[in-house]
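# A structural walkthrough
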Amino acid sequence: MTDNKLNKDEKQAELKKYRDLVLATLDYYIDNKEMQIKTADFDPIEHFKGLKVQTEENYLKGRLTRLKQWFRDLTEMQIEISDLKFNKYLQDKTKYDIDIFKSYFQRVSKIIEKGKITSDNQFNDINIMLDQLCHTEPLDIEKIEILNKLIGDYEQRISKKTRKPTA
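From a predicted model like this one, the values you see are computed outputs, not experimental measurements.

About the cut-offs
- Residues numbered from 1 in each chain as written.
- Predicted model: local features only at pLDDT ≥ 70, side-chain atom pairs only at ≥ 80, totals over all residues.
- Heavy atoms only, no water.
- Helix = DSSP H or I, 4+ residues; strand = E, 2+ residues; numbered from the N terminus.
- Buried < 20%, exposed > 50% of the residue type's maximum accessible area, 1.4 Å probe, protein only.
- Contact = heavy atoms within 4.5 Å.
- Lys, Arg positive; Asp, Glu negative; His and termini not counted.
- Charge placed at Lys NZ, Arg CZ, Asp CG, Glu CD.
- pLDDT = per-residue confidence, 0-100.
- Polar contact = N/O pair within 3.5 Å; in protein donor to acceptor, adjacent residues only side chain to side chain.
- Expected span 1.5 Å × (residues − 1).
- 1 Å grid on protein atoms, 1.4 Å probe; cavity = no way out; pocket = protein on both sides within 12 Å on 5 of 7 lines; lining within 4 Å.
- Points joined across faces, edges and corners; volume = space filled by probe spheres on them.
- Nonpolar A, V, L, I, M, F, W, Y, C, P; charged D, E, K, R; others polar.
- Phe/Tyr/Trp six-rings, centres within 6.5 Å; stacked < 30°, edge-to-face > 60°.
- Lys NZ or Arg CZ within 6 Å of the ring centre and 35° of its normal.

### Thoughts on the overall build of the protein
What the protein contains, in helices and strands, is 7 helices and 0 strands. Counted from the first residue to the last, the protein has its helices and strands arranged as α-α-α-α-α-α-α. Each principal axis of the C-alpha distribution contributes one length, and for the protein these read about 45 × 45 × 40 Å. Classification of the 167 residues of the protein by burial places 35% in the buried group. Counted over contacts in the protein with a minimum sequence separation of 6, partners at least 24 positions apart contribute 60%. With 31 positive and 30 negative side-chain charges, the protein shows a spacing of 6 Å between the two charge centroids.

As C-alpha cells, then:
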C-alpha cells in the first residue's frame, strides 16, 4: 500500500473525520454572529446550512478530496487571523486532536524547503505567512525575503504561461 492510497476502513475514518470537521466549522460560523455579513440577497445562515447539506452528500458519496478542500478553504480565515479559540472549538466539538495551525506551518515549511510554489493553494499559504510575518515583531527579514522570492518566482512563471505569443 502506498502512502497516498488509503484502504477502505482508513478512507471511511478520514471521510468521517473531515465531515465532522467541516460540519463543526460551519456550526462555528453559524454561532458567531460577528463573522456573518447579511445583505439583501445573501443570508449567511441559510448559506452555511446549505453547505452542511452538501457536506453530508459529499460524505455519503465518498468525496474525501472535496471534504478536505472544503475544510482547508473554510479554515483559511481562522489561520490568517490566528483565531486560536477556533482550534480549541474544533477539538472540543469533534474530539479530534487537530491543530489547524500545525498543518499550515508544515505546508509552508515544505514549500520553503522545496524552494518553489507549484499551486495557487501554496501561493495563498505563502501570502498568508508573509502577511503575518510583516505584522509580527521582531521582523524576520530573512524569512520575509525568502517568501517574497518564492512569490515573485511563482508570479513570473504564471504570467509567462498566461501571456499569449504575439504573431
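### Some words on the confidence of the model for the protein
Looking at the protein, the pLDDT average stands at 89 and 93% of residues meet or exceed 70. When mean pLDDT is taken per element in the protein, helix H1 (residues 8–31) scores highest with 95 and helix H6 (residues 120–134) scores lowest with 90.

### Structural notes on the environment of Ser159
Mapped onto the elements, Ser159 comes out in helix H7 (residues 141–162). Within the local environment of Ser159, its side chain forms a polar contact with the backbone oxygen of Gln156, the two atoms lying 3.0 Å apart.

### Some thoughts on H1
The end-to-end C-alpha separation of H1 is 34 Å, in line with the 34 Å expected for 24 residues at 1.5 Å each. The N-cap of H1, judged by a side-chain oxygen 3.0 Å from the amide nitrogen of Asp9 a few residues on, is Asn7.

### Thoughts on the layout of surface pockets
Size it by volume and the largest pocket reaches roughly 570 Å³. Forming the boundary of the largest pocket are 18 residues, of which Tyr18, Lys68, Phe71, Ser103 and Arg107 lie nearest the centre. Those elements that provide at least two residues to the lining of the largest pocket are H1, helix H3 (64–80) and helix H5 (100–114). Element by element, the count of residues in the lining of the largest pocket is highest for H3, at 7 residues. Considering only residue class, the lining of the largest pocket consists of 5 nonpolar, 6 polar and 7 charged. What the second largest pocket holds in volume is close to 180 Å³. Lining the second largest pocket are Arg72, Arg107, Lys110, Ile111, Lys114, Ser119, Asn121, Gln122 and Asp125. Elements that contribute at least two residues to the lining of the second largest pocket include exactly H5 and H6. For the lining of the second largest pocket, the element with the most residues is H5, which contributes 4 residues. When grouped by side-chain class, the residues that make up the lining of the second largest pocket number 1 nonpolar, 3 polar and 5 charged.

### Regarding the packing of aromatic side chains
This structure, assessed with the given rule, holds 7 aromatic pairs. Summarising the aromatic geometry, the rings of Tyr29 and Phe48 are spaced 5.3 Å apart at their centres and angled 20° between planes, so their arrangement reads as stacked. Of this pair, Tyr29 sits in helix H1 while Phe48 sits in helix H2 (residues 44–60), and the two are 19 residues apart along the sequence. Taken individually, Tyr29 and Phe48 each receive the classification buried, so the pair is uniform in this respect. Residue placement shows Arg19 over the ring face of Tyr59; its charged tip is 4.2 Å from the ring centre.

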